[in-house]
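Analysis of the macromolecular model
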Amino acid sequence: MPKRRKGKNIQAKQNRKQYFFVIRELTSREIKRRYSRSYLGILWSVLNPLLSMTVLSLIFSQLFRRSIENFPIYYLTGYILWQMFTGSTNAAMTTLVDNKMMLIKVRLPMEIFVLARVYTALVNLGYSLVAYVVMLIVFRVTPKWTMLFSPAVIFLLLLFSLGISFMLAAAYVFFGDVKHLYSVLLTLWMYCSAIFYPVEQLKGIIRSVIEVNPIYNYIDALRNVVMYGSIPPMREIGCMTVWAVGVYVFGYWVFRKNRNKVMQKI
């Protein structure tokens, strides 16, 4: 019995190594495909947030200069997190349909294809963080010990994005219109995430809606630890954790429950 259990453990370890290898290869393929026709290639992941920051700063810095200190960094902090969330969920939504032939021919867990798309978005975030760090230096943002909490905020957002991605990937197989509906939802979601305006200027139900918005919580937490040198309030930490774990668990449950139906539909 111990030998059989040991054999199963060894096999499980080998499977995990194989799955990690497949995820890396799929991620590499996605990045190469994304920049295959571009001369600047991955450099666009660095330039894109900088160009967006420049344009938005020219438009809104005068409007919010009294209420937002260091507006370019304020905006860029929200923008890079928003890009990771939308990049991962939009890409993961179509991954099962895009990899239909691999799903049919190769015996791999369907989760791998979702994980690869989300991991690709995380890699792109890494490139964007290069631009972010440069801007922190340019705008003389003093390094703070609270910045050490940044990876925790990013990890919780990643977990939240993964849960949404699992649900969207399963739904898209059955309802192609999910892609268009989600696009509309993202537009509304973006304006409710306070990426380029201060929540403090809002009152009533609108402010309440924004403050319970999970994406806003992650953005506000990162601004706190990077720009203001403060740990997010316990209420916000609790909301971020509950949203991340709850959505991930629910999304994965939905995905696993419908995996057989997905394979039949594909």
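The structure under discussion appears in the preceding block.
Anyway, here's the lowdown on the structure attached to this text.

So, about unusual backbone geometry. Backbone geometry at R140 places phi at a positive 55 degrees, although glycine is not the residue there. A positive phi angle, close to 55 degrees, is found at A194, a residue other than glycine. Mapped onto the elements of the fold, A194 is located in the loop between α8 (178–191) and α9 (204–212).

Counted by the stated rule, this structure contains 4 salt bridges. Between E111 and R256 there is a salt bridge, with its nearest N and O atoms 3.0 Å apart. Of the two residues, E111 sits in helix α6 (residues 111–138) while R256 sits in helix α11 (residues 234–257), which places them 145 residues apart along the sequence. On the accessibility criterion, R256 (41% relative accessible area) is partly exposed. Residues E211 and R207 are paired through a salt bridge, measuring 3.0 Å at the closest nitrogen-oxygen approach. Here E211 pairs with R207, and both are found in helix α9, just 4 residues apart, close to one helical turn. With a relative accessible area of 26%, E211 lands in the partly exposed category. One network of salt bridges, in which partners are shared, links E111, R256 and R259.

Here we take up the environment of M147. Secondary-structure assignment places M147 in the loop between α6 and α7 (150–174). Using a relative accessible area of 22% as the deciding quantity, one classes M147 as partly exposed. Residues M147 and Y228 lie 81 residues apart in sequence; the distance between their C-alpha atoms is 9.7 Å. When residues no more than four places from it in sequence are discounted, the contact partners of M147 are V141, T142, V225 and V226.

Taken as a whole, the second largest pocket encloses approximately 240 Å³ of empty space. If you trace the second largest pocket, you find 16 residues lining it, with Y74, V199, E200, Y216 and D220 closest to the centre. Counted by class, the lining of the second largest pocket contains 7 nonpolar, 1 polar and 8 charged residues.

In this section: a nonpolar patch on the surface. Together, V130, V134, V138 and F139 make up a nonpolar patch on the protein surface, roughly 310 Å² of accessible area in all. When you line up the elements, F139 lands in the loop between α6 and α7.

By the secondary structure assignment, Y132 is in helix α6. By relative accessible area, which is 5% here, Y132 ends up buried. C-alpha of Y132 to C-alpha of T77: the two residues are 55 residues apart in sequence and 7.7 Å apart in space. Among residues more than four places away in sequence, those in contact with Y132 are I73, L76, T77, I80 and V226.

What follows covers the side chain of T94. Along the chain, the position of T94 falls in the loop between α3 (71–93) and α4 (95–98). When its relative accessible area of 10% is taken as the criterion, T94 is described as buried.

What counts, and at which threshold
Residues numbered from 1 in each chain as written. Predicted model: local features only at pLDDT ≥ 70, side-chain atom pairs only at ≥ 80, totals over all residues. Heavy atoms only, no water. Helix = DSSP H or I, 4+ residues; strand = E, 2+ residues; numbered from the N terminus. Salt bridge = Lys/Arg side-chain N within 4 Å of Asp/Glu carboxyl O. Buried < 20%, exposed > 50% of the residue type's maximum accessible area, 1.4 Å probe, protein only. Contact = heavy atoms within 4.5 Å. 1 Å grid on protein atoms, 1.4 Å probe; cavity = no way out; pocket = protein on both sides within 12 Å on 5 of 7 lines; lining within 4 Å. Points joined across faces, edges and corners; volume = space filled by probe spheres on them. Nonpolar A, V, L, I, M, F, W, Y, C, P; charged D, E, K, R; others polar. Patch = residues over 30% accessible without salt bridge, like charges linked within 9 Å, V, L, I, M, F, W, Y side chains within 5 Å. Areas by Shrake-Rupley, 256 points an atom, 1.4 Å probe, with all protein chains shown as cover.

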